[in-house]
Amino acid sequence: IGLLNSFPVGKVEQYNLRPLTFQEFIYASEESALIKAFDSQASTPAAHNKLMDKLTDYFFTGGMPEAVAAWYQYKESSILERVDKVSKIYADLVAGYRRDFGKYAGKVDATLIESVFNSIPTQLSLVVDESVKRFKFKNVHERKSRYSDFETAIHWLKCCRLALANYPIEGQPKAPLAAYKKENMVKLFLFDIGLLNHMLGSSYKEIKQQHYEYKGYIAENFVQQELTAMGIDPSYSWNDARAEIEFLLTMNDGDIVPVEVKSGKRTRAKSLASYIEKCKPSKTFKLAGTQGSPALEQTNIVMPLYFTQYLPLD
C-alpha cells in the first residue's frame, strides 16, 4: 500500500495479514490426528503432551509463513538443518525491517524507531516470573527519556503492526476500556513470537528444555499475538498495588473478565484472587501449561495456553 501513489477509496476491501496463529501452525503440519485433537479441544494427556510439544516448536518458528513452510518442508532433515533454515529466514527479516525504517519512516526519526524496536525484546526478557511491565523510555535512546520523545516512533511501529500494544487499567475496570487507557502507560510486545526469540538469541534447544516452565514473557507475547489475531487490538491489562492481571476481555454483553497467564504448571495466582475480591467478575480465565479445568467448571476456568483462541467472548 505504501508504494501506491493513489488509493481507490471505497473500492478496495482491506485485510490485515498477520503471522500464522498456532491453529494455522497446527494445520500446516498436515498431521490429521493432531489437527483433530486441536479442533475438538481434546483434553487427554496424550493430546496435551503433543500440543505442548508443538507449542514450543511454534515459540521457535513463530508464524511467519516462510519460516513455517521451511520448518515443515525440512521435517525429514536433521533438527540442526531445520533450525538453521528458520534462523536464516528471521535474520533476513530483521535486516529487512531495519532497512525499511530508514526507507519508509518519513518524518519520523528512523533511529528512534529502531531503538524502540530493539528495546521491546530486551525489556520483555527482563521479566521471568512476573507479569510484563510497562515499556520504560529511559535508556532506550540517547538523551531521550519521556513518552513524548518516543510517541511518534511507537505509533509508527503499531501502525506497521510490528509492535502490539497493551494498556494497563487501574481501579475498577469499566466498558469501554479504551476510555480509561493512558497512552504513556503502555506495554509493548513484538508481533511474532519467533521473531522475539530470534532477536533474543534463544536457541531451539533452550526453548524445548524449558517445556512447561518457559519464561513468562514468552507466554504473554504468545497470548497477545493470539488475541490480536482474534481482533482484540489493542489489548488491556489491570494493575493495583502489587497485583497484576495480564489481560482483560470485554464480553459481548459488556461484562469484563480477567485472563491470568501462568507460564508453567503452577496455577495459584494471588493477583487473580485480589482481582476477584476487588472487582467481583462473573467469571475468570487462567491460561497455563496444564490440561485445564473440567468442562463443567463455569466460573473459574483454567485452559491450556495453546487454546487461547478458544477464549469465549459471549
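Data block above holds the structure.
Quick caveat, the model's predicted, so the values are computed rather than measured.

**Let's talk about the sheet that holds strand 4 (residues 243-250)**
Taken together, 7 strands build an open sheet; the order of strands is 2-1-3-4-5-6-7 and the sheet is mixed. Two strands bound the open sheet, and with one partner strand each, they are strand 2 (187-190) and strand 7 (300-304). For this sheet the average axis-to-axis angle between neighbouring strands, irrespective of direction, equals 30°. Inspection of the sheet shows strand 4 paired to strand 5 (residues 256-261) by 4 bridges, in the antiparallel sense.

**Focus on empty space enclosed by the protein**
Tallied over the entire structure, the rule returns 1 cavity of 30 Å³ or more. Every residue lining the largest cavity is listed: Arg-18, Pro-19, Leu-20, Thr-21, Tyr-58, Arg-161, Leu-164, Phe-191, Gln-225, Glu-226, Thr-228 and Ala-229. Residues that form the lining of the largest cavity fall into these classes: 6 nonpolar, 3 polar and 3 charged.

**Some points on the pairing of strand 5**
The buried fraction of strand 5 amounts to 6 of the 6 residues, a majority that puts the element mostly inside the structure. Of the two faces of strand 5, the one holding Ile-256, Pro-258 and Glu-260 and the one holding Val-257, Val-259 and Val-261 are both buried throughout. As consecutive antiparallel partners, strand 4 and strand 5 are separated by 5 residues, and within that stretch Gly-254 has a phi angle of approximately 90°, a positive value. Pairing of strand 5 with strand 6 (residues 284-288) involves 3 bridges; the strand directions are parallel. Following the sheet pairing, Glu-260 is matched in strand 6 by Lys-286.

**Brief notes about the side chain of Glu-220**
On the secondary structure map, Glu-220 appears in helix 10 (residues 216-229). If near-sequence neighbours (up to four positions away) are discounted, Glu-220 is found in contact with Glu-130, Ser-131, Val-132, Lys-187, Phe-189, Glu-246, Phe-247 and Val-261.

**Quick notes on the packing of aromatic side chains**
Scanning the entire structure with this criterion turns up 24 aromatic pairs. Judged by centre distance (6.2 Å) and plane angle (70°), the rings of Tyr-97 and Phe-117 are edge-to-face. Linking Tyr-97 in helix 5 (residues 79-104) with Phe-117 in helix 6 (residues 110-124), this pair joins segments that are 20 residues apart in sequence. This pair shows no difference in class: Tyr-97 is buried, exactly as Phe-117 is. An aromatic cluster of three or more residues is present, and its members are Phe-22, Phe-25, Phe-38, Tyr-58, Phe-59, Tyr-72, Phe-222, Tyr-306, Phe-307 and Tyr-310. The ring of Trp-71 carries the charged tip of Arg-82 above its face, separated from the ring centre by 3.9 Å.

**A few points about helix 5**
Along its 26 residues, helix 5 runs 37 Å from first to last C-alpha, staying within 8% of the 38 Å computed at 1.5 Å per residue. All of the buried residues in helix 5 are Arg-82, Val-83, Val-86, Ile-89, Tyr-90, Val-94, Gly-96, Tyr-97 and Phe-101. Downstream of helix 5 by a residue or two, Gly-106 has a phi angle that is positive, lying close to 65°.

**Considerations on the pairing of strand 4**
Successive residues of a regular strand alternate their side chains across the two faces of the sheet. With 7 of 8 residues buried, strand 4 is to be regarded as a mostly interior element. Looking at chain direction, strand 3 (residues 235-240) and strand 4 are connected through 4 bridges and run antiparallel. Along strand 4, the bridge assignment pairs Asn-239 with Glu-244.

**Some words on the packing of helix 4 (residues 65-73) against helix 5**
The N-to-C vectors of helix 4 and helix 5 enclose an angle of 165°; their axes lie 9 Å apart at closest approach. It follows that helix 4 is roughly antiparallel to helix 5 by the angle criterion. Judged by the sense of rotation from one axis to the other, the crossing of helix 4 with helix 5 is right-handed. Side by side, helix 4 and helix 5 meet where Glu-66, Ala-67, Ala-70, Trp-71 and Tyr-72 of the first sit next to Ile-79, Arg-82, Val-83, Lys-85, Val-86, Ile-89 and Tyr-90 of the second.

**Quick word on the pattern of salt bridges**
Inspection of every chain in the model, using the stated rule, returns 12 salt bridges. One salt bridge connects Lys-88 with Asp-92, and the closest N-O pair in it is separated by 2.7 Å. Here the residue Lys-88 and the residue Asp-92 both occupy positions in helix 5, the gap between them amounting to 4 residues, near one helical turn. Shared partners join several salt bridges into a network, and the residues in it are Asp-53, Asp-57 and Lys-208.

About the cut-offs
Residues numbered from 1 in each chain as written. Predicted model: local features only at pLDDT ≥ 70, side-chain atom pairs only at ≥ 80, totals over all residues. Heavy atoms only, no water. Pairing = 2+ DSSP bridges. Helix = DSSP H or I, 4+ residues; strand = E, 2+ residues; numbered from the N terminus. Axes fitted to C-alpha atoms, helices over the stretch in contact; angles between N-to-C directions. 1 Å grid on protein atoms, 1.4 Å probe; cavity = no way out; pocket = protein on both sides within 12 Å on 5 of 7 lines; lining within 4 Å. Points joined across faces, edges and corners; volume = space filled by probe spheres on them. Nonpolar A, V, L, I, M, F, W, Y, C, P; charged D, E, K, R; others polar. Buried < 20%, exposed > 50% of the residue type's maximum accessible area, 1.4 Å probe, protein only. Contact = heavy atoms within 4.5 Å. Phe/Tyr/Trp six-rings, centres within 6.5 Å; stacked < 30°, edge-to-face > 60°. Lys NZ or Arg CZ within 6 Å of the ring centre and 35° of its normal. Expected span 1.5 Å × (residues − 1). Parallel < 35°, antiparallel > 145°, perpendicular 65-115°, else oblique. Left-handed = near helix turned anticlockwise from the far one by under 90°. Salt bridge = Lys/Arg side-chain N within 4 Å of Asp/Glu carboxyl O.

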